[in-house]
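Structural features, examined
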Amino acid sequence: MPNRKEVTVSELRLDAVSKSFGGLHAVSNIDLVAPQGSITGLIGPNGAGKTTIINLITGTLRISSGRVFLDDVELTTAEPDVIARRGVSRTFQNIRLLPEASVLDNVIIGFHRHERSSVVAGLLGLPSSLRETRALRQRGMEILKRFRIERFADAAAGSLAYGHQRRVEMARAVAAQPRILLLDEPVAGMNDVEADELGDLYEELAASGIGLLMIEHNVRFVTRMCTRIYAMASGKMIAAGPPGEVLKDPNVIAAYLGDRYAKG
Amino acid sequence: MSFLGQYIPLLDTVLLAVGFAFSQQVVLRAGVFSVATAGFAAIGSYCAAILVTRLEWHPLFAMAAACLFGALTGFLLAQPLARLRGIYQAIATLAFVQIVIAVTLFAEPITGGGLGINNIPKSVGTGTLAVAVLVTAYILHSVKQSGVGRAFDAIHQDETVAAVLGISIRKYQTLAFLISGCIAGAFGGLQALNTYSIAPTTFSFAFVIMVLGYIVVGGRRSVLGPVVGVAVLTLLPELSRFMAEWRPILTGATMILISTYLPLGLADTLIARLRMRRLSHAQPEGGHSVRTPS
Amino acid sequence: MWIFGGRSAPGDPSETCVGRIVAWMIAQQILNGLITGSVYALFALGFTLVFSVNRVLNLAHGAVFMSAALLSYYLVMIGTPFVIAAAVATVVAGGISMVVEFVALRRLRRFSPHVMEFAALVTTLGADIVLVSLAHKLTAAQTVRFPFGTFPNQFFLLFGLRISLLQIIIVLSVACMLSFLVFYLYRTSAGLRLRAVASSDRASLLLGINPNAVYAQTFFISGIMAGIAGVLIALSFNSINAHMGESYMLKTFVIIVLGGLGSVPGCVLAALFFGVAQTLCVAYLPPGSADIILYALLFGMLLVRPAGLMGNAANISVVGRNA
């Protein structure tokens, strides 16, 4: 089966996913597809339920109804760590690093799902474990260089400036070599130059076969990056398609600006 | 020689305390809020004492059984507790300690009830204890260098992040309970074979407090932490009569002060400071300083 | 034997008579258990109050309780009338509790909640050790007792069951404290501020509420409750020592887990249930086994339903498909 790779399109798929807290519907009936190798956007005003979607995919919230698949594996009820080991990585809207650990250690922990040396080897300090640790440190440094933060390798992650912390978080997510990477407002608070710099990196990642799903408010950035975007409002999906179309959609404009601008 | 001789019992106590502190440190390091060390220690201690006195096992086999029993108890205890939140883990493990003590009091025919087990032949000396401490320290040092240690650190600092990175909290907290149980079981056994007699009161609430105190004072991450903690809390009061008299009050006050002002503990704070200093020395004059990156 | 003082009708067949006596003894045990339970409730309520506002387990609560008992003893010994001694001891207990908050917790609030949770356990434990060791030195490690006749030893019959004046006072004061707490929490502006801080101290700061004042207040009320419980317990068992708080702390853990951490009605119900269960265990089971059963109950509860009977299911584990 030489050309099997072309036949099966690898993707993250949500089928009619809903989430309610008590009687309140946070998101309802969401269908979404994020294929590997391309960048998908998820936009919508504050409170639309975008971050809830990411929490549902990664398993930090329980799905009320509907199903989530990665390729053909169902993730609907899986625990967060299982989902991560299947190849779903994420970043957080309010960056979450391990503040006491060094920058390098923060990246190395991203490799966790690929570590092979056994627990016993770790306990006894066997060469296999020590070798792996050395190799991981080296690979960690390479990733830090790619994100141009290698000079902070030994500093405590919590002591870095905001922009650098964001890079460390990205580096950690990349270290996990995910199949799907979920980005929650990756360029929030950055200027256009910084954003574009990161944008190049995302394109690189997509080109290497990773599927990216990003929540973003920056319309310019989304238009530049995404092949397809989804728009949400009040927990519902209101539009989906190429950025040009979706951003012109009257429903989307109404959701962002209020009804009276929709017909303008 | 006699001058050194008078310090041998103190040295034994210190070595045992370091062992128990290691057991407590393993769980805290993995973000488990367990105070079960006292329970594991009691189980290991009674296990070794009963096997040696009643069944006349060789001390070596009795010790192996104590380790195994401690580890097994840790493993079983972890099954329900590995997913509970911090405070609940603390309460549940405290209940576990109380159950162990209540059982040792109740099962008088086997455990000797409140009187405990006496006339245990002494087969463990200072040398054996020192070796046991060194072996444990080596294992904990290896853990620190390995993926297991990294997983522990991640869970301890942020469970959500750890899970999102694919770290199974259940698996690693179970492992932490198991290691902690094994270490405490071993040192409990060593204590029984070192001190002639054991009783339920040995492992009561005061034991829980002291062991927790060692880690709070010393530090949760470095292997040096428990050693420093034990040194401060047991050796300092021995230095003067006055301090010995006020020892519990000093312990309490030290715990408050260190938790408030040096939450990492003495050893860990020192290590962090040294690392910071090395970092700032390593940066060339024109280079970027750590705190204000360009 | 007082149990034969009941009103079993003459001429009953002896079998039913024995049956009645047994039933009646059990009823008496249940009554005693309820009264013990209401003291537990008072003790545990103060603890729960602090937990629900501060999100910390105040391990020094038992030491505050012991301090009140000991102080009332010393005041009585220097000739203070009992009622005044009890009142002073209770208020001082509230003060000690505030000092605990100030010394052990105030500086910890700059940490993240996750760090603070652990640090607070350690610092309040430290405060507990300091208070208990001081009391230990003060009493020279002895158990002390009120002089005979400090409190009148009167008994009444209630539906054929024996109840002492002290027990009646216990029930009344527990009922008073409970109604005061409910009134205070839900009918006063101070209570409103307290609930605001409990739900979010940052948000309440924006509303102009000073969280520190509220924290101090909760510790004062909690200390008062511990103080009343301490004096009542000291009287009913007439035995005061430095370590008397420890066993109550351990029982309180069982109670708050049964009732659900932070739930006031759950706490009261669980305390009453625990009082009865403990009294019956001690009365009818082999000596020494009561503790095993009660702690096993706690342990089992944590496994089956960690949120307790009336607690909220959220926030039991940090990660996982929770909500």
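These numbers were taken from a predicted model, which means no experiment stands behind them.

On to helix α7 (residues 162–175) of chain A. Between its first and last C-alpha atoms α7(A) spans 20 Å; for 14 residues at 1.5 Å apiece the expected length is 20 Å, and the two agree. Burial analysis of α7(A) places 12 of its 14 residues in the buried class, which makes it a mostly covered element. All of the buried residues in α7(A) are H164(A), Q165(A), R166(A), R167(A), V168(A), E169(A), M170(A), A171(A), R172(A), A173(A), V174(A) and A175(A). Residues of α7(A) that are buried in the fold lie against β6 (88–90), α4 (103–108), α6 (127–146), β7 (180–184) and α8 (192–207) of chain A together with α9 (159–164) of chain B. Just downstream of α7(A) lies Q177(A), where phi reads positive at about 45°.

Rolled over the atoms, a probe as big as a water molecule pinpoints where empty space is left. A volume near 820 Å³ is recorded for the second largest pocket. A206(B), F207(B), I209(B), M210(B) and R247(B) are, among the 35 residues lining the second largest pocket, the residues nearest its centre. Listing elements by their share of the lining of the second largest pocket, those giving two or more residues are α2 (8–29), α10 (169–194), α11 (205–218), α12 (224–239) and α14 (247–261) of chain B together with α4 (113–138) of chain C.

Let us now look at the packing of helix α9 (residues 244–259) of chain C against helix α11 (residues 289–304) of chain C. Residue and element names in this part refer to chain C. Where α9 meets α11, the closest approach of the two axes is 9 Å, and the angle between their N-to-C directions is 35°. Read as a crossing pair, α9 and α11 show a hand that is left-handed. Across the interface between the two elements, L250, K251, F253, V254, V257 and L258 of α9 pack against L294, Y295, L297, L298, M301 and L302 of α11. When the residues that make up the contact of α9 with α11 are grouped by side-chain class, the tally is 11 nonpolar, no polar and one charged.

Residue and element names in this part refer to chain A. Splitting chain A by domain gives domain 1 (9–87 + 178–264) and domain 2 (101–171). The straight-line distance from the C-alpha centre of domain 1 to that of domain 2 is 28 Å. The partner domain 2 presents eight residues to the 18 residues of domain 1 that form the contact. For the domain 1 face of the interface with domain 2, the top three residues by lost area are R85, E197 and L201, together amounting to 35%. Run the count over domain 1 and domain 2 and you get three salt bridges. Residue R148 pairs with E197 through a salt bridge whose shortest N-O separation is 2.8 Å. Scanning the region where domain 1 abuts domain 2 turns up five residue pairs in polar contact (both at pLDDT 80 or more). When contributions to the side of domain 1 that touches domain 2 are tallied by element, the ones reaching two or more residues are α3 (80–86), β7 and α8.

Our focus in this paragraph is the nonpolar core. Counting 211 residues, the largest nonpolar core has I91(B), F96(B), F187(B), L57(C), I240(C) and F253(C) as its most contacted members. Looking at this core, the element that brings in the most residues is helix α1 (residues 14–54) of chain C, giving 15 residues. The contact partners of I240(C), leaving out residues within four places of it in the chain, are A69(C), L70(C), Y73(C), Q142(C), T143(C), V144(C), F146(C) and A234(C). If you look at the next biggest cluster of nonpolar residues, it comprises 48 residues, including V103(A), I210(A), V222(A) and A231(A).

On to the pattern of salt bridges. All names here are of chain A. Here the structure, examined in full by the defined rule, presents 20 salt bridges over all chains. Here R85 and D81 are joined by a salt bridge, their closest N and O atoms 3.2 Å apart. Pair noted here: R85 and D81 are both in helix α3, with a separation of four residues, about one helical turn. Overall, the relative accessible area of 37% leaves R85 in the partly exposed class. Notably, a salt bridge pairs E204 with R146, separated by 3.7 Å at the nearest N-O pair. With E204 in helix α8 and R146 in helix α6, this pair connects stretches of sequence that are 58 residues apart.

What counts, and at which threshold
Residues numbered from 1 in each chain as written. Chains lettered and ligands numbered in written order. Predicted model: local features only at pLDDT ≥ 70, side-chain atom pairs only at ≥ 80, totals over all residues. Heavy atoms only, no water. Helix = DSSP H or I, 4+ residues; strand = E, 2+ residues; numbered from the N terminus. Expected span 1.5 Å × (residues − 1). Buried < 20%, exposed > 50% of the residue type's maximum accessible area, 1.4 Å probe, protein only. Contact = heavy atoms within 4.5 Å. 1 Å grid on protein atoms, 1.4 Å probe; cavity = no way out; pocket = protein on both sides within 12 Å on 5 of 7 lines; lining within 4 Å. Points joined across faces, edges and corners; volume = space filled by probe spheres on them. Axes fitted to C-alpha atoms, helices over the stretch in contact; angles between N-to-C directions. Left-handed = near helix turned anticlockwise from the far one by under 90°. Nonpolar A, V, L, I, M, F, W, Y, C, P; charged D, E, K, R; others polar. Domains from an automatic or database assignment. Buried area = accessible area lost by both parts, 1.4 Å probe. Salt bridge = Lys/Arg side-chain N within 4 Å of Asp/Glu carboxyl O. Polar contact = N/O pair within 3.5 Å; in protein donor to acceptor, adjacent residues only side chain to side chain. Core = buried A, V, L, I, M, F, W, Y, C linked by side-chain atoms within 4.5 Å.

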